[in-house]
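Each chain, letter by letter, is given below.
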Amino acid sequence: TWRRTRDPGRTLAAMPPRGYGDVRAMLREMERSKEALARRRDDGRLWRGFFLGLPFGLRIFVVHAYHSRVWNLMANVRIHTYGLAVVDGDLIHRRRSPRKISCKDAIALDSVVHYDQDNAQASRGIKDVVLPVYGGGVKWPRGLHGEVGKSLLKREGTFGVFTMEKDVTGAQHYITGAYRYLMAYPIEPKWRLISYEDRNTPSLSGESIPKGFRRFQLRSAEYNATLAQRSRARTNPQHDKFD
């Protein structure tokens with residue numbers, strides 16, 4: 001609708017009743033300035049004002065989503081290129097002790113080092129490999145996946161950008177980088193088996209799966225695994241049937 005009409009009000013009315021909160025907020029801001037939009041459609045300052053009219057929490061979420069896109073690209077290249085072995089140049093999280101991993105564990109920026117097989121003081125596995133979520137203070141892996149991530153940021157003009165505007169006054173918010181584990185593993189998993197006396201009984205799927213059927217914890221930023229799991233159960237419930 002927007003491509004055809006360039007009308008924020010009509011576009012807003014044509015949207016689905018749920019979801020797309022960021023798009024709705026942007027369109028509402030544009031509708032309030034409809035006359036200015038008609039006169040100054042090519043004015044970059046006007047579009048900047050529309051974006052800054054969104055709540056800061058929503059705008060920073062968009063930035064985090066963009067950085068996650070870069071992280072996902074690097075993760076794909078890392079696995080396809082080097083497999084599941086730890087290689088020189090990987091970023092490794094130096095755990096202080098082999099204690100039980102908690103979902104509350106955070107990866108401090110100064111606890112990540114480049115892996116060097118010749119000088120490794122302890123054996124490391126794929127569970128120790130991390131990748132940077134772009135922002136200030138992070139290291140880059142020395143490999144094709146690191147080069148791909150940096151190349152994407154440079155091509156899109158975002159490499160070296162660690163701040164974003166808080167509001168129309170020009171106040172800046174500093175974006176601190178972070179790290180995520182390349183491989184996510186469930187913490188304290190629990191599950192319940194449901195027996196089927198007749199193999200022809202339809203499998204439980206979607207909303208029919210009882211609450212508490214599976215339980216596990218994940219570290220911060222690993223929650224998307226639950227979305228993938230639910231989607232899998234809905235689209236192909238036969239995979240979740242147990243003998």
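See the structure above.
In what follows, the accompanying structure is described. (Residues numbered from 1 in each chain as written. Predicted model: local features only at pLDDT ≥ 70, side-chain atom pairs only at ≥ 80, totals over all residues. Heavy atoms only, no water.)

**Examining the overall build of the chain**
And step 1. Looking only at helices and strands, one finds 8 helices and 8 strands in the chain.
And step 2. Residues counted as buried form 30% of the 243 residues belonging to the chain.
And step 3. Counting only contacts in the chain whose residues sit at least 6 apart along the sequence, the fraction spanning at least 24 positions is 68%.
And step 4. When the accessible surface of the chain is totalled, it reaches about 16,000 Å², and 52% of it is carbon and sulfur. (Helix = DSSP H or I, 4+ residues; strand = E, 2+ residues; numbered from the N terminus. Buried < 20%, exposed > 50% of the residue type's maximum accessible area, 1.4 Å probe, protein only. Contact = heavy atoms within 4.5 Å. Areas by Shrake-Rupley, 256 points an atom, 1.4 Å probe, with all protein chains shown as cover.)

**A closer look at the packing of aromatic side chains**
And step 1. Inspection of the entire model under this criterion finds 5 aromatic pairs.
And step 2. Ring geometry for Y134 versus F159: centroids 6.2 Å apart, planes at 20°, classification stacked. Linking Y134 in the loop between β3 (129-133) and α7 (144-155) with F159 in the loop between α7 and β4 (163-165), this pair joins segments that are 25 residues apart in sequence.
And step 3. An aromatic cluster is built from Y134, W140, F159, F162 and Y174, whose rings are joined through pairwise contacts.
And step 4. Taking the ring centre of W71 as reference, the NZ or CZ of R180 above it sits at 5.8 Å. (Phe/Tyr/Trp six-rings, centres within 6.5 Å; stacked < 30°, edge-to-face > 60°. Lys NZ or Arg CZ within 6 Å of the ring centre and 35° of its normal.)

**Remarks on the sheet that holds strand β1 (residues 91-93)**
And step 1. Taken in spatial order, the 4 strands make up an open sheet running β2-β1-β3-β6, and their pairing is antiparallel. The strands lining the two open edges of the sheet, one partner per strand, are β2 (112-114) and β6 (178-181). Neighbouring strand axes in the sheet, compared pairwise and without regard to direction, differ in orientation by 50° on average.
And step 2. The pairing of β3 with β6 spans 4 bridges and is antiparallel. (Pairing = 2+ DSSP bridges. Axes fitted to C-alpha atoms, helices over the stretch in contact; angles between N-to-C directions.)

**Some thoughts on the nonpolar core**
Burial of nonpolar side chains together is a common tendency in soluble globular proteins.
And step 1. Counting residues in each nonpolar core, the largest one holds 16 residues, and the members touching the most others are V129, L131 and L182.
And step 2. Listed by contribution, the elements that provide at least two residues to this core are α6 (56-82), β3 and α7.
And step 3. Tallying contributions element by element places α6 first for this core, with 4 residues.
And step 4. Those residues in contact with L182 that sit more than four places away from it in its chain are W71, A75, R78, I79, I126, V129, V130 and L131. (Core = buried A, V, L, I, M, F, W, Y, C linked by side-chain atoms within 4.5 Å.)

**Some points on the environment of M74**
And step 1. Mapped onto the secondary structure, M74 falls in helix α6.
And step 2. A C-alpha to C-alpha distance of 9.6 Å links M74 and L182, two positions 108 residues apart in sequence.
And step 3. Sequence-distant contacts of M74, defined by excluding residues within four places in its chain, comprise L131, P132, W140, H145, G146 and G149.

**Brief notes about the environment of L84**
And step 1. Within the element layout of this structure, L84 appears in the loop between α6 and β1.
And step 2. Note: C-alpha distance between L84 and K127 (43 residues apart in sequence) is 9.4 Å.
And step 3. Ignoring anything within four residues of it in the chain, the contact list for L84 reads I79, I126 and M183.

**Comments concerning the pairing of β3**
And step 1. For β3, a buried count of 5 out of 5 residues is recorded, marking the element as mostly surrounded by other parts of the structure.
And step 2. Strand direction decides the pairing type here: β1 and β3, joined by 2 bridges, are antiparallel. From the neighbouring strand, L91 faces β3, where its bridge partner is V130.

**Looking at the packing of α6 against α7**
And step 1. It is at 8 Å that the axes of α6 and α7 come closest, and there the two elements cross at 150°. It follows that α6 is roughly antiparallel to α7 by the angle criterion. Relative to α7, α6 is oriented so that their crossing is right-handed. Facing Y66, R69, V70, L73, M74, V77, R78, T81 and Y82 of α6, the residues of α7 in contact are L144, H145, G146, V148, G149, L152 and L153.
And step 2. When grouped by side-chain class, the residues that make up the contact of α6 with α7 number 10 nonpolar, 4 polar and 2 charged. (Parallel < 35°, antiparallel > 145°, perpendicular 65-115°, else oblique. Left-handed = near helix turned anticlockwise from the far one by under 90°. Nonpolar A, V, L, I, M, F, W, Y, C, P; charged D, E, K, R; others polar.)

**Regarding helix α3 (residues 21-32)**
And step 1. In a regular helix each residue adds 1.5 Å, so 12 residues correspond to 16 Å; α3 covers 17 Å between its end C-alpha atoms and thus fits that length.
And step 2. For α3, every residue scored as buried is listed here: R24, A25, L27, E29 and M30. (Expected span 1.5 Å × (residues − 1).)

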